[in-house]
Amino acid sequence: MSKEIVVSGIRSTGYLHLGNYFGAMRNYVKMQDDYNCYFFVADYHSLTTHPDPKDLRANVYRVVAENVACGLDPNKVALYAQSDIPEIPELYLMLNMLAYKGELEKVPTFKDKVRLNPDNVNAGLLTYPVLMTADILIHKAAHVPVGKDQEQHIEMARNFAQRFNHRYGDLFPEPFPFNFGDTLVKVPSLDGNGKMSKSENLNATLFLADDDDTIRKKVMKAKTDSGPTEMNSEMPEYIQNVFQLLNLVSSKETIDTFTNTYNDCTIRYGDLKKQLAEDMVAFIAPIRERAQALQADESQIQKILKEGAEKARESAAKTIAEARKAIGISYYG
Ligand code: TRP
């Protein structure tokens, strides 16, 4: 039986952090054997914020290197740059005729961007969900592994797929966010406020590119207090957060030891953080080193991108031929 199709796009701005690892990349890696996976760097999407042309190449290379360093196997999945697949902007153009200004203006992510950057409300930003839809439908994907923040975009993709099918005949399956069930874990930020994030408080976020000393420094600054005074008391949220991080990277023995010392009030948060720092270093350093080595090998990255684009174009070309025919763009056959 042929495998079900999965598509996901990876933003090319900013460095990947521990939250991305546990929220996205680790799941991509788990899917690569069981699904027919298309993972791409969303470089066209990044143009909405007008990045410096000098930075694009390094940004794309970094995303590829980091994902491969995390375990994504370019022989198992198609790993490619969005801009290498001309069928995507072609489908985007077709879908734009079915997307209405009013519905696009109502999208919360669009409204956020308008609020944050009122001087750059460009049409690409408005039609961001349409380009995303083209990314997904070009491979007729059924599953889209994304975070909560992207679910509304996938709902729009379903609407656009339905609209196309309704007008031109059934062509596209409706894509749904891929649900990881209980494997979705929270990766709290080190300052006790929310989750690790690319844009907020960089000192409370561990990046996969951080060197060992930076990791240690950040972990040692994690918010704690002078310790519990009553046996078996409930942990304040910022202490739960530190334990949650320990859960992600430390051994069961370490977790048990510190849980017990918390419960009998003998815990020393300095020791806890030192252990957490070393376990984080042991976790992140090999990923960082693999990513650095790969980033230094440009010909290897180019080979990965080329082979990924070949696989993706094969599937994209089929879909676009069907879409043209459905619309009536068929003049020579
Ligand atoms: N918008 C997504 C993000 O910000 C990235 C993305 C672009 C994407 N195209 C996609 C994700 C298609 C899933 C499917 O994270």
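Residues numbered from 1 in each chain as written. Predicted model: local features only at pLDDT ≥ 70, side-chain atom pairs only at ≥ 80, totals over all residues. Heavy atoms only, no water.

Asks: Kindly report on the packing of aromatic side chains, identifying the contributing residues and their values.
Replies: In this description, an aromatic ring pair is defined by two values, namely the gap between the centres and the angle between the planes. Following the criterion strictly, the structure yields 10 aromatic pairs and no others. Here the aromatic rings of F164 and Y168 are separated by 4.9 Å at their centres, their planes lie at 55 degrees, and the arrangement is tilted. Taken together, the residues F164 and Y168, both in helix α9 (residues 151-168) and 4 residues apart, mark about one turn of the helix. Among the aromatic residues, ring-to-ring pairing joins Y21, F22 and F283 into one connected group. The lysine or arginine in question, R62, covers the ring of Y15, its NZ or CZ lying 4.2 Å from the ring centre. We note K223 situated over the ring of Y238; from NZ or CZ to the ring centre the distance is 4.5 Å. (Phe/Tyr/Trp six-rings, centres within 6.5 Å; stacked < 30°, edge-to-face > 60°. Helix = DSSP H or I, 4+ residues; strand = E, 2+ residues; numbered from the N terminus. Lys NZ or Arg CZ within 6 Å of the ring centre and 35° of its normal.)

Asks: Tell me what's going on with the nonpolar core, and back it up with residues and numbers.
Replies: When a protein is soluble and globular, its nonpolar side chains tend to lie buried together. In this structure, L18, L206, F243, L245 and M280 are the most contacted members of the largest nonpolar core, which totals 61 residues. It is helix α13 (residues 269-295) that contributes the most residues to this core, 10 residues altogether. Counting contributing residues, this core receives three or more from each of domain 1 (5-185 + 298-327) and domain 2 (202-291). For L206, the contacting residues outside a window of four places in its chain are H17, L18, L190, M196, I215, K218, V219, M280 and I284. Counting 41 residues, the second largest nonpolar core, distinct from the first, contains Y80, L126, I154 and A309. (Core = buried A, V, L, I, M, F, W, Y, C linked by side-chain atoms within 4.5 Å. Buried < 20%, exposed > 50% of the residue type's maximum accessible area, 1.4 Å probe, protein only. Domains from an automatic or database assignment. Contact = heavy atoms within 4.5 Å.)

Asks: Explain the domain arrangement of the protein to me, using residue names and the numbers behind them.
Replies: Taken domain by domain, the protein holds domain 1 (5-185 + 298-327) and domain 2 (202-291). Between domain 1 and domain 2, the C-alpha centre-to-centre distance is 34 Å. Listed by partner, the interface residues are 12 residues for domain 1 and 14 residues for domain 2. Across the domain 1 to domain 2 interface the summed buried area is about 1,100 Å²; carbon plus sulfur atoms make up 81%. (Buried area = accessible area lost by both parts, 1.4 Å probe.)

Asks: Give a detailed account of the site of the ligand, specifying residues and quantitative values.
Replies: Neighbouring residues of the ligand: 13 residues in total, closest R11, Y128, M132, D135 and Q150. The side chain of D135 places a nitrogen or oxygen atom 2.8 Å from a nitrogen atom of the ligand. With respect to the ligand, the side chain of Q150 contributes an N or O atom lying 3.0 Å from a nitrogen atom. Burial of the ligand by the protein amounts to 95% of the accessible area it has alone, namely 370 Å². Elements that contribute at least two residues to the shell around the ligand include exactly β1 (5-10) and α8 (128-137). Examining the composition of the shell around the ligand, we find that 4 residues originate from one element, α8, more than from any other. Grouping the amino acids of the shell around the ligand by side-chain chemistry returns 7 nonpolar, 4 polar and 2 charged. (Near = heavy atom within 4 Å. Polar contact = N/O pair within 3.5 Å; in protein donor to acceptor, adjacent residues only side chain to side chain. Areas by Shrake-Rupley, 256 points an atom, 1.4 Å probe, with all protein chains shown as cover. Nonpolar A, V, L, I, M, F, W, Y, C, P; charged D, E, K, R; others polar.)

Asks: So, unusual backbone geometry: which residues are in play, and what are the values?
Replies: One non-glycine residue, K140, lies in positive phi territory at about 50 degrees. Under the relative-accessibility criterion, K140 is labelled partly exposed at 26%.

Asks: Mind laying out the pairing of β1, listing which residues take part and the relevant values?
Replies: When β1 meets strand β2 (residues 36-41), the two strands line up parallel, connected through 6 bridges. Residue pairing in the sheet places I5 in a bridge with N36 of β2. Taken together, β1, helix α1 (residues 18-31) and β2 constitute a β-α-β crossover, and its handedness is right-handed. (Pairing = 2+ DSSP bridges. Right-handed = clockwise from strand over helix to strand, strands pointing away.)

Asks: Tell me what's going on with the side chain of S8, and back it up with residues and numbers.
Replies: With respect to the secondary-structure elements, S8 resides in strand β1. The class of S8 is buried, set by a relative accessible area of 3%. A distance of 2.9 Å separates the side chain of S8 from the backbone oxygen of P145, its partner in a polar contact. Apart from the residues lying within four places of it in its own chain, the contact partners of S8 are Y28, Y38, F39, F40, P145 and V146.

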